[in-house]
Amino acid sequence: FKTHRYKPRFTPDIVFASAAYSTFFGLQATGLLAFSDMMGNHQIYLGLDIYSSLDNSNVNLLYLYLPRRTDLGLGVHHNVYFFAVRDLSTYPDGSYIYPDYYHYFRDRNYGLNLFSSYPISRYTRLDGTLDLMAIDRDNYNLLTDKYDREDKIRVLLPGLSYVHDTILWGSVGPVNGMRMRLSAYFSPNLEDYINIPGKSGWGLDFQAVTADYRHYL
C-alpha cells in the first residue's frame, strides 16, 4: 500500500439556519455551522444572528487546534446589545421635561480571542485566555434614523482559570458529578502607553476574581 501524510479535510457536523422578517429590524436570519476533520484535531464553529446589517448583528467565529496535549483556540466576535434609558431632564420644580421620552443606545462589542487549555489530570485543567475587545456605544438619532457615535474604548483582558470537572453528560446536559471554576482576570490601563489624539481610550483598569461551583444530582 502507498502511504500518504494525513491532511485535514473538513466536513460539516452541524448545519442550521432559519430566517424571519421583523417590522423593526427588517430581514433577520440565524445560523450555526460546525466543521471538523476526520481525526477531530481541527474544529471550526460559526454562529450568526443577522439583523438587517452587520452593525446590528451577532457574529462569532472560532477555530480549535486539538491534536496535542495543550488545546489552542482562536476566535473573533461581534456582539450587539440594545437598551433604552429614560430621559431624566427636569424643570426647576422637579417635574420631567420629557416624561415619556427614552434614549436608545447600541453597544457593539467586537474583537479577538485567544484560548489555551492544559490538562493537569483527567479531571483538572488550566485555562488561559487573552481578549482584545473594542466597545463602541452609539446613540440612536430619531431625526436621521441613524446611530451617532457617543463613546468608545479598547480593552486588553488576560485571564487564568483553574477547573475541576467530574460531570457525567446526558442527552441534553449534565446529569451527575460536579464542576468548579476559579478564575482571575486583569485589565491594564494602557492610556499612558497608547495615546493617539482623537482616538478611543485604551484600557479599563480593574482586577476580578470569580468562583463557580455546581453539583448535579
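Structure first, text after, so check above.
Reference entry: report on the structure contained in this document. The numbering scheme is per chain: residues are counted from 1 as the chain's sequence reads. For this predicted model, a pLDDT threshold of at least 70 governs which residues receive local features, and a threshold of 80 or more governs which side-chain atom pairs are given and counted, while totals over whole chains, interfaces and linings are taken from all residues. Computation of side-chain values: all heavy atoms of the structure, hydrogens and water removed.

**Quick notes on the side chain of Ser36**
Within the secondary structure layout, Ser36 lies in strand β2 (residues 26-36). One polar contact links Ser36 to Asp13, side chain to side chain, over a distance of 2.6 Å. In this analysis, two residues are considered to be in contact whenever any of their non-hydrogen atoms come within 4.5 Å of each other. When neighbours within four sequence positions are excluded, Ser36 is seen to be in contact with Arg9, Phe10, Thr11, Asp13, His42 and Gln43. Helix and strand assignments come from DSSP, with helices taken as H or I runs of at least 4 residues and strands as E runs of at least 2, each series counted from the N terminus. Each polar contact in these results corresponds to two N or O atoms within 3.5 Å; when the atoms are within protein, one needs to be able to donate a hydrogen and the other to accept it, and residues that are neighboring in sequence are counted only if both atoms are side-chain atoms.

**Notes on the pattern of salt bridges**
A carboxyl oxygen of Asp or Glu within 4 Å of a side-chain nitrogen of Lys or Arg is what we treat as a salt bridge. Tallied over the entire structure, the rule returns 9 salt bridges. Note that Asp138 is salt-bridged to Arg106, the shortest N-O span being 2.8 Å. Residue Asp138 is located in strand β7 (residues 124-141), and its partner Arg106 is located in strand β6 (residues 102-119); the two are separated by 32 residues in the primary sequence. Each member of the pair Asp138 and Arg106 is classed as buried. Per-residue accessibility, obtained with a 1.4 Å probe over protein chains only, is compared with the maximum for each type, and a residue is labelled buried under 20%, exposed over 50%, and partly exposed between these values.

**Here's the deal with a nonpolar patch on the surface**
Patches draw on residues past 30% relative accessible area with no salt bridge. Two like charges within 9 Å are joined, as are two nonpolar side chains (Val, Leu, Ile, Met, Phe, Trp, Tyr) within 5 Å. Accessible areas in this description were obtained via Shrake-Rupley with a 1.4 Å probe; residue shielding takes into account the shown protein chains only. Among the surface-exposed residues, Leu61, Leu74, Val76, Leu112, Leu114, Leu130 and Leu132 lie close enough to one another that they form a single nonpolar patch of about 520 Å² accessible area. Those elements giving two or more residues to the nonpolar patch turn out to be β5 (71-86), β6 and β7. When you line up the elements, Leu61 lands in strand β4 (residues 53-65). Judged by its relative accessible area of 38%, Leu61 is partly exposed.

**Notes on the packing of aromatic side chains**
Stacked, tilted and edge-to-face are the three classes assigned to paired rings of Phe, Tyr and Trp, where Trp is represented by its six-membered ring and a pair needs centres within 6.5 Å; plane angles under 30 degrees give stacked, over 60 edge-to-face, the rest tilted. Under the counting rule described, the total for this entry stands at 1 aromatic pair. With centroids separated by 5.5 Å and ring planes inclined at 20 degrees, the aromatic side chains of Phe83 and Phe105 adopt a geometry described as stacked. Taken together, the positions of Phe83 in strand β5 and Phe105 in strand β6 put the pair 22 residues apart, joining distant regions of the chain. Of the residues examined, Phe105 reaches a relative accessible area of 11% and is grouped as buried.

**Some thoughts on the pairing of β2**
For two strands to be treated as a pair, DSSP must find no fewer than two bridges joining them. Pairing of strand β1 (residues 11-22) with β2 involves 11 bridges; the strand directions are antiparallel. Its bridge partner being in β2, Ser22 is matched across the sheet by Gly26. Connecting the antiparallel pair β1 and β2 is a turn made up of 3 residues. With 9 bridges connecting them, β2 and strand β3 (residues 42-51) associate as antiparallel partners. Across the sheet, residue Phe35 finds its bridge partner in β3, namely Ile44. Hairpin connection from β2 to β3: 5 residues lie between these consecutive antiparallel strands, with Gly40 at a positive phi of about 75 degrees.

**A look at the pairing of β7**
Relative to β7, β6 runs antiparallel, the two sharing 15 bridges. Across the sheet, residue Tyr118 finds its bridge partner in β7, namely Leu126. From the end of β6 to the start of β7, which pair antiparallel, there are 4 residues. Pairing of β7 with strand β8 (residues 146-165) involves 18 bridges; the strand directions are antiparallel. The residue of β8 that forms the bridge with Asp136 is Lys152. Following β7, the chain reverses through 4 residues before pairing antiparallel with β8; Asp145 in that reversal takes a positive phi of roughly 60 degrees.

**Section: the environment of Pro67**
Topologically, Pro67 is positioned in the loop between β4 and β5. Taking the relative accessible area as the measure of exposure, Pro67 reaches 37% and is therefore partly exposed. Put simply, Pro67 and Gly40 are 27 residues apart on the chain and 7.8 Å apart in space, counted from C-alpha to C-alpha.

Read these as layout, nothing more, since geometry by itself doesn't imply function.
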